[in-house]
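Residue-level structural notes
One letter stands for each residue in the lines below.
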Amino acid sequence: NKRIATIGDAMVVFNPSKTGPLRFVPSFERAVGGAELNFAIGVTRLDMEAKWISCIGDDEFGKLIYNFARGEGIDVSHVLRTPHIPTSIYFKEIREDGAGKSFYYRNPSPLLELTEDRIDESVLDDVDLLHISGVYLAVCEHNIEVALKLIALAQAKNIPISFDPNLRLKLWTIEDARAVYEKVYPSINLLLTGQDEFELLFEGRTVKDVQECYKIDEIIVKKGEQGATVYTATEQYDRKAFSIRAIDTVGAGDAFDAAYVYSYLNGDDIGERLRLANGAGALVATIKGDNEGLPSLQELRQFIGDEKLIER
Ligand code: ATP
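A brief look at the structure comes next. The structure displayed is predicted, hence computed values, not measured ones.

Of all 11 residues making up helix 1 (residues 35-45), 10 are buried, and the element is well covered by its neighbours. Within two residues after helix 1, Asp47 carries a phi angle of roughly 75°, on the positive side.

Okay, structure coming up:
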């Protein structure tokens, strides 16, 4: 079975009981989130293996996250725990149209304790793809070094690398993000980015230009309810989104990434990868929560119409 590795913070998420500004929300429902963990769950639900590298607080919320990740079948053998820093949390605000806003309490994040020297050289030995997200790069300054070390390890082993910039302007400035991402682009095989994000990051440069500049095999542009487009050096593939009523779009991008990477490692052609990824993104957008809607392979195949749904 194929296996991916990813690194990042996880948080206890507080989902609002109603839509609208946070100050008018009287109660919350507790869940677990974090872009990289969501990605790992997405891959695991699709029957591939995922190794999640992280550090969480040695506290009640840390135990909750650890048990949750284990329960999803994720390899947590590289998750450290620290007694010094509390597990990160965040509160979510959801607008009437399903768009979300996040309020983070993770300053510092337990990742502050996951320094480069604590990354085991053998961590990628049994891995088929390394996935890096920009959230991880933004959370602590030394994460950049850690990520570059993992990237170098992956390259030495010929392991493909996917990267989602997941730009979070609450965590750093666009200039800082650009400067760090510049170090990552030349090493990656797949760039999974949102359309607005691409425009912000590359300031009017064309996809072709970016692709040639950094020699990225595939640039995958996610376009919300418009679907997604993949650019290779020679071709362009457009696929429409599935038609759904969006309830909460947070996590749709992570779901898309997980399904795309799953399908890529499975050897599917680009059209099929896009179909699965659009399906996974749409399914997550129809359910409140960041990862609750991540489909199993069977649910995904039923949703995109490959299998008939038999309810009983
Ligand atoms: P985020 O990082 O906030 O999750 P993103 O920019 O990475 O967002 P989006 O483009 O919002 O990702 O969504 C990812 C994918 O999920 C889209 O390409 C699409 O396939 C699917 N998707 C998202 N929103 C919708 C929607 N309203 N209707 C149908 N599909 C959607």
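On we go.
What the rule picks out here adds up to 14 aromatic pairs. When the centroid spacing of 5.0 Å and the interplanar angle of 20° are considered together, the rings of Phe14 and Phe91 count as stacked. Highlighted residues: Phe14 in strand 2 (residues 11-16) and Phe91 in strand 6 (residues 88-94), separated in sequence by 77 residues. Taken together, a centroid distance of 6.3 Å and an interplanar angle of 70° make the contact between Tyr181 and Tyr185 edge-to-face. Neither Tyr181 nor Tyr185 differs from the other in exposure class; each is buried. Aromatic rings pair up to connect Phe163, Trp172, Tyr181, Tyr185, Phe198, Phe202 and Tyr214 into one cluster. When the ring centre of Tyr66 is taken as reference, the NZ or CZ atom of Arg81 above it lies at 4.0 Å. The ring of Tyr104 has Arg106 sitting right over it, with the charged end atom 4.7 Å from the ring centre.

This paragraph deals with the pairing of strand 12 (residues 228-231). Pairing analysis gives four bridges linking strand 11 (residues 218-222) to strand 12, with the strands arranged antiparallel. Each bridged residue has a counterpart across the sheet, and for Lys222 the counterpart in strand 12 is Ala228. Hairpin connection between strand 11 and strand 12: a loop of five residues separates the two successive antiparallel strands, and Gly224 in this loop has a positive phi of roughly 55°.

With respect to the helices, strands and loops of the structure, Asp254 is situated in helix 8 (residues 252-265). Although Asp254 is buried, it forms no salt bridge, and the closest oppositely charged side chain is Arg168 at an N-O distance of 5.5 Å. Here the side chain of Asp254 touches Asn38 through a polar contact of 3.3 Å, side chain to side chain.

Following the criterion strictly, the structure yields 23 salt bridges and no others. Here Lys92 ties to Asp290 by a salt bridge, and the two come within 2.3 Å at their closest N and O atoms. On the criterion of sequence distance, the pair formed by Lys92 in strand 6 and Asp290 in the loop between helix 9 (270-285) and helix 10 (297-303) is long-range, its members being 198 residues apart. Arg273 serves as the salt-bridge partner of Glu218, at 2.8 Å between the closest nitrogen and oxygen.

Here we come to the sheet that holds strand 3 (residues 28-33). If you trace the four strands from one edge of the open sheet to the other, you get 3-2-6-7, paired in mixed fashion. If you trace the sheet from one side to the other, it starts and ends with strand 3 and strand 7 (100-105), each paired once. Taken pair by pair, the neighbouring strands of this sheet meet at an average axis angle of 30°, ignoring direction. Note: strand 6 against strand 7, six bridges, orientation antiparallel.

This next bit is on the pairing of strand 4 (residues 49-57). Counting buried positions over the nine residues of strand 4 gives eight, a clear majority of the element. Across five bridges, the pairing between strand 1 (residues 3-7) and strand 4 is parallel. Within strand 4, the residue paired with Ile4 across the bridge is Ala50. Judged from the four bridges that link them, strand 4 and strand 5 (residues 79-82) form a sheet pairing that is parallel. Considered in strand 5, the bridge of Gly57 is made with Thr82. What joins strand 4 to strand 5 is helix 2 (residues 60-71), and the crossover it makes is right-handed.

We now examine the site of the ligand. In the neighbourhood of the ligand, 19 residues make up the surrounding shell, with Lys222, Gly224, Gly227, Gly253 and Asn278 lying closest. Lys222 has a polar side-chain atom sitting 3.1 Å from an oxygen atom of the ligand. Protein contacts shield 82% of the accessible area of the ligand, which totals 620 Å² for the unbound molecule. Elements that contribute at least two residues to the shell around the ligand include exactly helix 8 and helix 9.

Attention now goes to unusual backbone geometry. The peptide bond linking Asn107 to Pro108 adopts the cis configuration, its omega dihedral lying at 5°. Positionally, Pro108 belongs in the loop between strand 7 and strand 8 (129-133). For Asp47, which is not glycine, the phi torsion reads 75° and is therefore positive. As for its position among the elements, Asp47 is in the loop between helix 1 and strand 4. Its relative accessible area of 52% is what places Asp47 among the exposed residues. The phi torsion at Lys215 lies on the positive side, around 55°, for a residue other than glycine.

The next point concerns the state of the cysteines. Counting across every chain of the model gives zero disulfides. Looking at the unpaired Cys140, the closest cysteine sulfur is the one in Cys55, lying at 9.4 Å. A relative accessible area of 6% places Cys140 in the buried class.

Conventions and cut-offs
Residues numbered from 1 in each chain as written. Predicted model: local features only at pLDDT ≥ 70, side-chain atom pairs only at ≥ 80, totals over all residues. Heavy atoms only, no water. Buried < 20%, exposed > 50% of the residue type's maximum accessible area, 1.4 Å probe, protein only. Helix = DSSP H or I, 4+ residues; strand = E, 2+ residues; numbered from the N terminus. Phe/Tyr/Trp six-rings, centres within 6.5 Å; stacked < 30°, edge-to-face > 60°. Lys NZ or Arg CZ within 6 Å of the ring centre and 35° of its normal. Pairing = 2+ DSSP bridges. Lys, Arg positive; Asp, Glu negative; His and termini not counted. Salt bridge = Lys/Arg side-chain N within 4 Å of Asp/Glu carboxyl O. Polar contact = N/O pair within 3.5 Å; in protein donor to acceptor, adjacent residues only side chain to side chain. Axes fitted to C-alpha atoms, helices over the stretch in contact; angles between N-to-C directions. Right-handed = clockwise from strand over helix to strand, strands pointing away. Near = heavy atom within 4 Å. Areas by Shrake-Rupley, 256 points an atom, 1.4 Å probe, with all protein chains shown as cover. Disulfide = S-S within 2.5 Å.

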